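Structural overview for review
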Amino acid sequence: MTTPTPLEPLIAITPPAIGCAATGCPGTVAVQWRRRLTDAELADALALEQHRRETAAAEADPSGPPPDFGPMPTSADYTRAVYACGRHALSLDLAAHVHAATCTAPGAALPGCDCTPEPLPGEQPPTTPDTVTLPTGWVVPAP
Ligand SMILES: [Zn+2]
Ligand SMILES: [Zn+2]
């Protein structure tokens, strides 16, 4: 029986603290939603992914085809969980959306937030209706 060789240390990424994200709140986590990564968090995530790919490529069977990892992920591929206690929770409707990296929720705007959350999957962002200029003399009937 051989002793397994210790694994190469991974790039350290500090996991987010599991606690209410409101400043100074000691509350127990009751709800969670997601937000995009900040630029620094995205850089960490991409560095970790690059390390993972290099490690996998180095350990791949040299007689086989080289591993194909596809394009590097983008910010659209990552979200981070935001935790809050019941007192600092967003509304249920808002918590269903992915929030911006700069979203300050849970904050002063509760039960809303200060960012424009992304539309839900399959949901189209609101569009302004097309306007049509009618010929002279034509009027739109009252509804
Ligand atoms: Zn709280
Ligand atoms: Zn938000």
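1. Remarks on a nonpolar patch on the surface
Taken together, the side chains of Val 132, Leu 134, Trp 138 and Val 140 define a hydrophobic patch exposed on the protein surface, amounting to about 480 Å² of accessible area. Structurally, Val 140 can be placed in the segment after β3 (98-99).

2. Digging into the coordination of the zinc ion (ligand 1)
Around the zinc ion (ligand 1), the donor atoms from the protein are Cys 20 (SG), Cys 25 (SG), Cys 85 (SG) and His 88 (ND1), and they sit 2.0 to 2.3 Å away. Here the zinc ion (ligand 1) is ringed by 4 donor atoms whose angles at the metal span 105 to 115 degrees, and the overall shape comes out tetrahedral. Each donor residue of the zinc ion (ligand 1) lies on the same chain, and together they follow the pattern C-x4-C-x59-C-x2-H. Of the residues examined, Cys 20 reaches a relative accessible area of 10% and is grouped as buried.

3. A few points about helix α1 (residues 39-59)
Its 21 residues place the ends of α1 30 Å apart at the C-alpha level, agreeing with the 30 Å of an ideal helix rising 1.5 Å per residue. If you check which residues of α1 are buried, you get Glu 41, Leu 42, Ala 45, Glu 49, His 51 and Arg 53. The inward-facing, buried residues of α1 contact β1 (31-35) and β2 (80-84).

The rules we used
- Residues numbered from 1 in each chain as written.
- Chains lettered and ligands numbered in written order.
- Predicted model: local features only at pLDDT ≥ 70, side-chain atom pairs only at ≥ 80, totals over all residues.
- Heavy atoms only, no water.
- Patch = residues over 30% accessible without salt bridge, like charges linked within 9 Å, V, L, I, M, F, W, Y side chains within 5 Å.
- Areas by Shrake-Rupley, 256 points an atom, 1.4 Å probe, with all protein chains shown as cover.
- Salt bridge = Lys/Arg side-chain N within 4 Å of Asp/Glu carboxyl O.
- Helix = DSSP H or I, 4+ residues; strand = E, 2+ residues; numbered from the N terminus.
- Donors = N, O, S within 2.8 Å, 3.2 Å for Na, K, Ca; no water.
- Tetrahedral: all angles 85-135°; square planar, octahedral: opposite > 155°, others 65-115°.
- Buried < 20%, exposed > 50% of the residue type's maximum accessible area, 1.4 Å probe, protein only.
- Expected span 1.5 Å × (residues − 1).
- Contact = heavy atoms within 4.5 Å.

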